[in-house]
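Structural features, examined
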Amino acid sequence: TLHIARPEKGKTLADFQNIYNSIAEKMKSESAYDDGTGYGPVLVRLSWHSSATYDKNDNSGGSYGGTFRFKKEASDVLSKGLENATKFLDPIHSEYPWLSHGDLYTLGGVTALQELGGPKTPWRPGRVDTGPETVPAHGRLPIPEGNASYVRNYYDRFGFNDQEVVALLGAHILGKTHLKNSGYDGPWDDDTNIFSNEFFGNLLERKWTLEKNAASNMQYNAKGGIMMLPTDYALVQDPKYLKYVKKYADDQDAFFSDFRDIYVKLLERGISFDDSIEPLVFKTLKEQLK
Ligand code: DDH
């Protein structure tokens, strides 16, 4: 499948910055969501799941077609909770109906990441909505029960290497797991809405105990009510992953720059962008106050 980027005609950086601002303002005014976590984390997760169907073997799936808007895709049990993110973005789409859903879902993630203190993340427009027949069958999302070889094999479908996988999973500093969604319980850190390299610090420094939660799933717990999924903990059990966990725990700048690179790669997997399509860099709300 060939996915050629066709940016929305006649739109400039200013038009997309307006959308960024609408999303960021709505995040601010609805900051009470999920006991004060706000919508940032669930928006980042939506950008991930709307890209996570990618398969390098036939270039199918990925963010291009915006197919997460179809029930057929969104009803995957592994995506429970993401209806909160699509509902949050629906009025944004009504305000900017010219924007494709793939562009909306990925721009939502980039906006949330930057507003939560993450790296400046260049974003390119041009995803084009495709029909329900392009929704991949369920089974392309990762399960949390896997060990290191499961994780390595899973991300091979995207063509991501060990370093890229460790950097990408640092996103699990944001938000929390919810019993009613995934059958896992609790946040990865006391701060659920600040992007940092603390996921790696927590992995290395806390004392983790494998325990059964109220839904009978096994998770790693530490004092203060923070948790890790088995797939998170796998990163310290595998020496090749552990090397990068240590590097990112020690070096926040290296993490921010590597996370940005792999996140951009994830959101653009499978799409051909013409050289004339300039990556757009958005100002945060804070920067615009200056
Ligand atoms: Fe994740 N994730 N994720 N994740 N994820 C969950 C929540 C969040 C896995 C499982 C879960 C990524 C990779 C993996 C975020 C971002 C990213 C939850 C809890 C589970 C389970 C959902 C709930 O109960 O509400 C697994 C397994 C993997 C894996 O690849 C092995 C990646 C790559 C990202 C990313 O963004 C780059 C975020 C953010 C959340 C928090 C959502 C929220 O509502 O809060």
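Let me begin by describing the structure that accompanies this report. (Residues numbered from 1 in each chain as written. Predicted model: local features only at pLDDT ≥ 70, side-chain atom pairs only at ≥ 80, totals over all residues. Heavy atoms only, no water.)

1. Digging into the pattern of salt bridges
One pass over the full model with this rule turns up eleven salt bridges. Close ionic contact of Lys265 with Glu164 constitutes a salt bridge, the shortest N to O distance being 2.7 Å. In this pair, Lys265 sits in helix α13 (residues 252-268) while Glu164 sits in helix α8 (residues 162-169), placing the two residues 101 residues apart along the sequence. Beyond isolated ion pairs, a larger network of salt bridges with shared partners links Arg152, Asp162 and Asp238. (Salt bridge = Lys/Arg side-chain N within 4 Å of Asp/Glu carboxyl O. Helix = DSSP H or I, 4+ residues; strand = E, 2+ residues; numbered from the N terminus.)

2. Focus: the coordination of the iron atom of the ligand
Within the protein, a single donor atom binds the iron atom of the ligand, namely His172 (NE2) at 2.1 Å. With respect to the element layout, His172 can be found in the loop between α8 and β2 (176-177). (Donors = N, O, S within 2.8 Å, 3.2 Å for Na, K, Ca; no water.)

3. Concerning the pairing of strand β5 (residues 218-222)
One face of the sheet, then the other: side chains in a regular strand alternate in exactly this way. Counting buried positions along β5 yields four of five residues, so the element is predominantly enclosed. The pairing of strand β4 (residues 209-212) with β5 spans four bridges and is classified as antiparallel. Looking at the pairing, Glu211 lines up with Gln219 of β5. Counting the residues in the hairpin turn of β4 and β5 gives five residues, including Ser216, whose phi is positive at 65°. By the bridge criterion, three bridges tie β5 to strand β6 (residues 226-228) in an arrangement that is antiparallel. (Buried < 20%, exposed > 50% of the residue type's maximum accessible area, 1.4 Å probe, protein only. Pairing = 2+ DSSP bridges.)

4. Here's the deal with the side chain of Ser60
Within the secondary structure layout, Ser60 lies in the loop between α3 (40-49) and α4 (71-74). Ser60 sits in the buried class, given a relative accessible area of 13%. Reaching out from Ser60, the side chain makes a polar contact with the side chain of Asp58 at a distance of 2.6 Å. Filtering out sequence-adjacent residues up to four positions away, Ser60 remains in contact with Thr1, Thr53, Tyr54, Asp55 and Arg140. (Polar contact = N/O pair within 3.5 Å; in protein donor to acceptor, adjacent residues only side chain to side chain. Contact = heavy atoms within 4.5 Å.)

5. A few points about the site of the ligand
Looking at the ligand, there are 23 residues lining it, with Tyr155, His172, His178, Asn181 and Ser182 nearest. A distance of 2.3 Å separates an oxygen atom of the ligand from a polar atom in the side chain of Tyr155. Taking Asn181, its side chain carries an N or O atom lying 2.9 Å from an oxygen atom of the ligand. The set of elements that each furnish at least two residues to the shell around the ligand consists of α3, α8, β2 and α9 (179-182). With five residues, the single largest contributor to the shell around the ligand is α3. Of the residues assigned to the shell around the ligand, the class counts are 14 nonpolar, seven polar and two charged. Both domains that furnish three or more residues to the shell around the ligand are identified here as domain 1 (3-140 + 264-289) and domain 2 (148-253). (Near = heavy atom within 4 Å. Nonpolar A, V, L, I, M, F, W, Y, C, P; charged D, E, K, R; others polar. Domains from an automatic or database assignment.)

6. A short note on the sheet that holds β5
Strand pairs in the sheet, formed through backbone hydrogen bonds, run parallel or antiparallel to each other. Reading across from one edge, β4-β5-β6 is the order of the three strands in this open sheet, with antiparallel pairing throughout. For this open sheet the edge positions go to β4 and β6, each flanked by a neighbour on one side alone. Shown here is a sheet whose adjacent strand axes are inclined to one another by a mean of 45°, direction ignored. Each of β5 and β6 is contacted by helix α11 (residues 230-237), which is oriented at about 65° to β5, the strand it contacts most. (Axes fitted to C-alpha atoms, helices over the stretch in contact; angles between N-to-C directions.)

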